[in-house]
Amino acid sequence: MGAFRDLSIKWKLKTIIMLTSGVTILFASVAFIFKDVTAFRKAIRDDLSSLAQVIGLNSKGALVFLDQRTAERNLAALRAKPDIFFACIYDMNGNVFAAYYRQETDEKPPPPALRKEGHYYEGNYLFMFQQIPLENEIIGTVCIQYDLSRMNAELIQSIGIFSGIVVIAFVIAWILSSSLQRVISEPILNLTQTAKAVSKEKDFSVRAEKHSQDEIGILIDGFNEMLARIQSRDNLLKKYREHLEEQVSLRTAELHQANRELLAAKETAESANRAKSEFLASMSHEIRTPLNAVLGFSDLLNSLITDKRQKNYLESIRSSGKSLLTLINSILDLSKIEARKIELHFEPVDPHAIFNEIKRIFSLKASEKNLDFIIDIAQDIPKRLILDELRLRQILINLIDNAIKFTEIGYIKISAEKEDIENDTDHLNLMIVLEDTGIGIPAGSREEIFEAFKQGYGQSTKRYGGTGLGLTITKRLVEIMGGFISVQSEEGKGTRFDIIIPRVSIAPDEVQSEKDDAFDSEDIIFEKALVMIVDDIESNRELIKEYFRQTDVTFIEAEDGEKAIPLVKQYKPDIILMDIRLPGMDGYKTAKLILGDTETAAIPIIALTAFGMKEEREKIMHSGFQGFLSKPIQQSELFREVARFIKYSKKEKIGKAEAIERLPSEVMERLPDAIGALENEVMELWKSTRKNHFFDEIASFGHQMKLLGEKYSLDVLIKFGDDLSNQAGQFDVENMNITLDTFPELIEKLKSLLQEDR
Amino acid sequence: MKDSLRKINPCRKIGRLAFVTAWCLMMLCPPFARTETLSGLEYQVKSGFIYNFAKFVEWPKTAFEKSDTISLCFASDNPFSEALYELNDKIISGRKITVKKYEEGNDINTCNIFFFGTADKEFIQQKLIEFENRSILTVGETEGFAQMGGIINFFMEKNRLRFEVNVEAARKAGLKLSSQLLMSAEIVKGGQE
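Residues numbered from 1 in each chain as written. Chains lettered and ligands numbered in written order. Predicted model: local features only at pLDDT ≥ 70, side-chain atom pairs only at ≥ 80, totals over all residues. Heavy atoms only, no water.

## Digging into the overall build of chain B
Rules: A run of H or I in DSSP counts as a helix once it spans at least four residues, and a run of E counts as a strand once it spans at least two, with each numbered from the N terminus. Per-residue accessibility, obtained with a 1.4 Å probe over protein chains only, is compared with the maximum for each type, and a residue is labelled buried under 20%, exposed over 50%, and partly exposed between these values. For this analysis, residues touch if any pair of their heavy atoms sits within 4.5 Å. Surface accessibility in these figures is a Shrake-Rupley result with a 1.4 Å probe; residues are shielded only by whichever protein chains are displayed.
Looking only at helices and strands, one finds seven helices and ten strands in chain B. Counting only residues that meet the buried cut, chain B has 49% of its 193 residues in that class. Long-range pairs, those at least 24 residues apart, make up 56% of the contacts in chain B between residues at least 6 apart in sequence. Surface accessibility of chain B: about 9,900 Å² in total, with carbon and sulfur atoms responsible for 52%.

## So, the interface of chain B and chain A
What counts here: The term buried area refers to how much accessible surface (probe radius 1.4 Å) is lost by two components on association, counted for both of them together. We define a salt bridge as a contact between a side-chain nitrogen of Lys or Arg and a carboxyl oxygen of Asp or Glu at a distance within 4 Å. The term polar contact refers here to a pair of N or O atoms within 3.5 Å; inside protein, the definition further demands a hydrogen-donor-capable atom paired with an acceptor-capable atom, and it admits residues adjacent in sequence only when both atoms are side-chain atoms. Asp, Glu, Lys and Arg are counted as charged, while Ala, Val, Leu, Ile, Met, Phe, Trp, Tyr, Cys and Pro are counted as nonpolar; the rest, among them Gly, fall into the polar class.
Listed per partner, the contact involves 20 residues of chain B and 21 residues of chain A. Between chain B and chain A, a total of about 1,900 Å² is buried, with carbon and sulfur atoms accounting for 55% of that surface. Between chain B and chain A we count one salt bridge in total. Among the salt bridges present, the one from B:Lys55 reaches A:Glu137, with a minimum N-O distance of 3.7 Å. Scanning the region where chain B abuts chain A turns up six residue pairs in polar contact (both at pLDDT 80 or more). Those elements that provide at least two residues to the side of chain B that touches chain A are α2 (10-28), α4 (40-56), β8 (160-166) and α7 (179-183) of chain B. Considering only residue class, the side of chain B that touches chain A consists of eleven nonpolar, four polar and five charged.

## Quick look at the pattern of salt bridges
Counted according to the given criterion, the structure contains 39 salt bridges over all chains. Residue A:Asp46 pairs with A:Lys42 through a salt bridge whose shortest N-O separation is 3.3 Å. Here A:Asp46 pairs with A:Lys42, and both are found in helix α2 (residues 9-58), just four residues apart, close to one helical turn. Since its relative accessible area comes to 45%, A:Lys42 is described here as partly exposed. Salt-bridge contacts for B:Lys46 lead to B:Glu141; the nearest nitrogen and oxygen are separated by 2.5 Å. Highlighted residues: B:Lys46 in helix α4 and B:Glu141 in the loop between β6 (137-140) and β7 (152-157), separated in sequence by 95 residues. With respect to burial, B:Lys46 and B:Glu141 carry one shared label: buried.

## Observations concerning the pairing of strand β4 (residues 95-101) of chain B
Taken residue by residue, a regular strand's side chains alternate between the two faces of the sheet. Residue and element names in this part refer to chain B. Note the following rule: Any two strands with at least two DSSP bridges between them are considered paired.
Relative to β4, strand β2 (residues 69-76) runs parallel, the two sharing six bridges. By the bridge assignment for β4, threonine 69 is matched with lysine 96. Sheet analysis places strand β3 (residues 91-92) next to β4, joined by two bridges and oriented antiparallel. Across the sheet, the residue bridging to isoleucine 91 is lysine 96, located in β4.

## Focus on the sheet that holds strand β3 (residues 118-122) of chain A
Residue and element names in this part refer to chain A. In plain terms, the rule: Only C-alpha atoms enter the line fits that serve as axes; for helices the fit covers just the stretch in contact. Angles between N-to-C directions range over 0 to 180 degrees.
Within the open sheet, the five strands sit side by side as β2-β1-β5-β4-β3. Their pairing is antiparallel. This sheet does not close on itself; its edge strands, each paired only once, are β2 (96-101) and β3. Between one strand and the next, the sheet's axes are offset by a mean angle of 15 degrees, whatever the strand orientation. In this sheet, strand β5 (residues 137-147) lies alongside strand β4 (residues 125-134) in antiparallel orientation, the contact comprising ten bridges.

## Focus on helix α17 (residues 665-692) of chain A
Residues and elements named next belong to chain A. What counts here: Helix span, expected: 1.5 Å multiplied by one less than the number of residues in the helix. Bend at a given residue is defined as the angle between two axes, one fitted to the seven residues that end at that position and one fitted to the seven that begin there.
Under the 1.5 Å per step criterion, the end-to-end length of α17 is 38 Å for 28 residues, consistent within 8% with the ideal 40 Å. At valine 682, α17 is bent by approximately 50 degrees, the largest bend along its length. Directly after α17, the chain includes histidine 693, whose backbone phi takes a positive value near 60 degrees.

## Quick notes on a nonpolar patch on the surface
All names here are of chain A. Rules: Each patch is built from salt-bridge-free residues with over 30% relative accessible area, joining like charges within 9 Å and nonpolar side chains (Val, Leu, Ile, Met, Phe, Trp, Tyr) within 5 Å.
Residues Ile9, Ile168, Ile172, Leu176, Leu180, Val183 and Ile184 make up a contiguous nonpolar surface patch of roughly 630 Å² in combined accessible area. Examining the composition of the nonpolar patch, we find that six residues originate from one element, helix α5 (residues 149-201), more than from any other. Looking at the element boundaries, leucine 176 is found in helix α5.

## Some thoughts on the state of the cysteines
Put simply, the rule is: Counting rule for disulfides: a pair of cysteine sulfur atoms within 2.5 Å.
Across all of its chains, the model carries one disulfide over all chains by this definition. With a sulfur-sulfur separation of 1.8 Å, B:Cys73 is cross-linked through a disulfide to B:Cys111. Taking the sign of the S-S torsion, -95 degrees for the link of B:Cys73 and B:Cys111, the bridge is left-handed. Remark: B:Cys111 occurs in the loop between β4 and β5 (113-117) and B:Cys73 occurs in strand β2; sequence separation between them is 38 residues. Neither B:Cys73 nor B:Cys111 differs from the other in exposure class; each is buried. With no disulfide of its own, A:Cys143 has A:Cys88 as its nearest cysteine by sulfur position, at a separation of 4.5 Å.

## Points about the pairing of β2(B)
Residue and element names in this part refer to chain B. By the criterion of burial, β2 is predominantly enclosed, with seven of the eight residues buried. Taken together, the five bridges between β2 and β5 define a ladder with parallel strand orientation. Across the sheet, residue alanine 75 finds its bridge partner in β5, namely phenylalanine 116.

## Points about the packing of α2(A) against α5(A)
All names here are of chain A. Selection rule: Oblique is the label for any angle not under 35 degrees, not over 145, and not in the 65 to 115 range, which are roughly parallel, roughly antiparallel and roughly perpendicular in turn. Handedness of a crossing follows from how the near helix is turned relative to the far one, being left-handed for an anticlockwise turn of less than a right angle and right-handed for a clockwise one.
At their nearest, the axes of α2 and α5 sit 8 Å apart, and the two run at 160 degrees to each other. When the axes of α2 and α5 are compared, the pair comes out roughly antiparallel. Note on packing geometry: the crossing formed by α2 with α5 is right-handed. Of the residues belonging to the contact of α2 with α5, the class tally is 22 nonpolar, eight polar and four charged.

## A closer look at the confidence of the model for chain A
All names here are of chain A. Rules: For every residue, the predictor assigns a confidence score, pLDDT, that lies between 0 and 100.
With 89% of its residues at a pLDDT of 70 or more, chain A shows a mean pLDDT of 82. Note that residues 511-518 has pLDDT below 50 and, in this model, eight contacts with residues that lie over four places away or in other chains. Throughout residues 653-659 the model reports pLDDT below 50, and contacts reaching past four residues in sequence, or to other chains, amount to nine contacts.

## Digging into the packing of helix α18 (residues 695-712) of chain A against helix α19 (residues 715-729) of chain A
Residue and element names in this part refer to chain A. With their axes 7 Å apart at the nearest point, α18 and α19 run at an angle of 160 degrees to one another. In terms of orientation, α18 and α19 fall into the roughly antiparallel class. Between α18 and α19 lies a crossing of left-handed hand. Within the contact between the two elements, α18 uses Phe695, Ile698, Ala699, Phe701, Gly702, His703, Met705, Lys706, Leu708, Gly709 and Glu710 and α19 uses Leu717, Ile718, Phe720, Gly721, Asp722, Leu724, Ser725 and Ala728. A breakdown of the residues in the contact of α18 with α19 according to their chemical character gives eleven nonpolar, five polar and three charged.

## Examining the sheet that holds strand β10 (residues 424-436) of chain A
Residues and elements named next belong to chain A. With mixed pairing, five strands are arranged side by side in an open sheet as β7-β9-β10-β12-β11. At either margin of the open sheet sits one strand with a lone partner, and together these are β7 (372-377) and β11 (484-490). Sheet twist, expressed as the mean angle between neighbouring strand axes with direction ignored, is 15 degrees. Bridging between β7 and strand β9 (residues 411-421) involves six bridges; their strand directions are parallel. The partner of aspartate 372 across the bridge, within β9, is tyrosine 411. Packing against the sheet, helix α8 (residues 351-368) makes contact with β7, β9 and β10, and its axis sits at approximately 175 degrees to β7. Strands β11 and β12 (494-505) of the sheet are contacted by helix α11 (residues 470-480), whose axis makes an angle of about 140 degrees with β11.

## What about the nonpolar core?
Spelled out, the test is: In these notes, a set of buried Ala, Val, Leu, Ile, Met, Phe, Trp, Tyr and Cys residues joined through side-chain atoms within 4.5 Å is what counts as a nonpolar core.
One finds B:Phe53, B:Leu137 and B:Phe163 to be the most contacted residues of the largest nonpolar core, which totals 65 residues. Looking at this core element by element, the count peaks at eight residues for α4(B). Counting residues in hydrophobic clusters, the runner-up holds 46 residues, among them A:Ile337, A:Leu385, A:Leu387 and A:Ile395.

## Considering the environment of A:Leu134
Within the secondary structure layout, A:Leu134 lies in strand β4. Once the C-alpha coordinates of A:Leu134 and A:Leu57 are considered, the two residues, 77 residues apart in sequence, prove to be 9.1 Å apart.

## Topic: the packing of aromatic side chains
Keep this limit in mind: Aromatic rings from Phe, Tyr and Trp, taking only the six-membered ring of Trp, are treated as a pair when their centres fall within 6.5 Å; an angle between ring planes under 30 degrees marks them as stacked, one over 60 as edge-to-face, and anything in between as tilted. We call a charge positioned above a ring when the Lys NZ or Arg CZ atom is no farther than 6 Å from the ring centre and deviates by at most 35 degrees from the ring normal.
Summed over all chains, the structure comprises 36 aromatic pairs over all chains. Arranged with centres 5.6 Å apart and planes meeting at 40 degrees, the rings of A:Phe720 and A:Phe743 form a pair that is tilted. Taken together, the residues span a long stretch of sequence, with A:Phe720 in helix α19 and A:Phe743 in helix α21 (residues 743-757) at a distance of 23 residues. By relative accessible area, which is 0% here, A:Phe743 ends up buried. Here B:Tyr102 and B:Phe123 contribute two aromatic rings whose centre-to-centre distance is 6.1 Å and whose plane-to-plane angle is 45 degrees, an arrangement assigned as tilted. Of the two residues, B:Tyr102 sits in the loop between β4 and β5 while B:Phe123 sits in helix α5 (residues 121-130), which places them 21 residues apart along the sequence. By relative accessible area, B:Tyr102 is classed as buried at 10%. We classify B:Phe123 as buried; its relative accessible area is 14%. Cluster of aromatic residues (ring-pair linked, three or more members): A:Phe65, B:Phe49, B:Phe53, B:Phe56, B:Phe154 and B:Phe163. A:Arg115 extends its terminal NZ or CZ atom over the ring of A:Phe127, reaching a point 5.9 Å from the ring centre.

This is how it looks when you write it as structure tokens:
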């Protein structure tokens, strides 16, 4: 069939016609011959049957009366039929009673055996058996043997004739199909030729010729129409192509133009942004300088005028100036947050300590307004949480500042508790609540208060001051920490802020932390000792040295294990503080080598690790170290560890105040003068500075304190002054306030030193 | 063939018997057949022929008005002619055959076939006159019987049993004889006069 599919249409048509006509002719011929033969044979059979019947009928008497002669006479009548080869009559027992042979045959084959009535074909002969009935019995049978050879010869002859007719019919069909197929194949061939020509020469102007209105005619019409369309499209494309380059260059030019504009716009934007940054950076200075002048001179003026009305005006100028200053600082803060320039520094901190400090800062302010300041911190909050201390403090200070500002009577309460997280012992949710009994926030503006420059409805700026940025900053800070802040308030009754900081990591407990209470690093006075520090980072080494600055402990340092080992051998330090992660040979290996040497094996080694994992701790304890310290290293822990191996004595306790190193005797001699100065003139200055809250003033106060400290050789005072002027210079409001507020404590400490000395 | 043998009916039996007898007569015992002595076999063949004659003879309708049987009467001194009794109760064309032996004084009016098993020409002549104008098929076995006015007469030819027919006598008796019968018969002319 595949071969037929690939034939040309011409041959397909011819084949179809020939096959169809051939099959028809063949079947017709065969059917005709078959029918002829059948009919002929039936005629012979009928003929023979009637002959046999006649013979039988005529031979009844002969049979019954055993009259063979009569029977033979009857059979002899068959001579008229030359095709009858043989005939006989059987008696009722099947024996041949009478027989007849065609004359020309010489040989006389034995008669066939008796069979049942009917006809039988056997070889070239047809046998016809006809029974002879009489009354109710069969008295004999007639048999006629018919010679078919003549008929077969005729059959072969007629088959020959038919074959001839079939061949002639085929030939005629061939001739007819050859000429008739052209009617269909020729237009298709023409179409094919045209299509080939079109595809070869790409000339779409050629058209196929149409000769008829039949399906092929329609096909040609369709083909021509398609060609016409392609031609028109081609023309159009050609036109476009000619036009395209022009367009491309046009567009490219446009694009270049747009690019240039974009670049210009970008530059403009960048320079605008730069300008904004520069503006913000310089604004602090540019605005603050004249502002400070305004505030400073209003102060001076204040002491010169006595007129009440003028004093009032002056007060207005001062308070407005102060508001403006705070506003500027807040804007700077907020813009830093908005620009995401704030980075959080997470480190293990003690939340209890933060809250205590907050209390220390605000208790004075609260008592000035006769407000109760209550702090309620759940004792089960771990002592070491991973938090950004600075920002947490800023949040609390902002909120408490607000609370104090808007509360005239009653209390301010700050409480904190933890919420455990299921299946997670390493984290907790920290919840801080700040309540006050202030003026409250009207229902409509509860959400607005967190928006920049929005203050509570009806808040009198004159009365309360503020920038309207504190809560905005607070909210952003909470969000940066991943937390939420919400507010509940009833107008006239109070406000409650809820802060949730979720998934706060719990830092691993310090080893022997239970000793914390019993051990106070401030009480320790180490005897002379040699300590070795092995750490590749200089600042780490410096920090440790700094902690021991006021002691008689001396140090040798090494940057790595390779350098450490010969030094250990040479100096034989009393104790080695060894970082675990060292370049090259790590802490474990170095310790192993030191401990492996009999000369140095007895020297205790303390490991320094970064924020230790439990596994690491165990490894350290199994590697021959005498102890370990987690970074960042805190003084108390360092001292506690070191105190295990170095002799020390304990100072007497000096109350709650921070420890101040023992002072040399010449310093002690001048200490009463210093305290006197501080308690009198400086105290007044401190009070006014704190009240006015001018940055420049605070900075200059810090500077004065530094000078004073240098004068009396009081390091604490120098540090205080340095811190304060630095914080004021950096506009670190919170820390600046905290530092500033520690001034009275500082005096107390110095006083206690003096008493101790006596 | 065995089946057909077993189920063989009386008519066939007669036919077979007749044929076998004839065959024997013709082939095996020519001397015996040649003799004037009438054997049992010969009579059996004759009995079969008589039975077959009845098949090829058509009686006028009046012949069976009184009774619907074919009455076969025979007059014979020969004990072998008793073989005719074999035909008793055979049926031809729905009619039963009854065989009766003729005794002097018997009513012959009921006879449809009369067989003269005797050569007594005087008796034959007397009876033929008696049967005149009656539809009785007369059968004899004496030379000249047909010429005397009998309808069918047996004779032997080359050891074969044959018969001759007086067609005129048959016509007079109102009997139609089938061409089948006539084809195998010798036709005799003449009457008693």
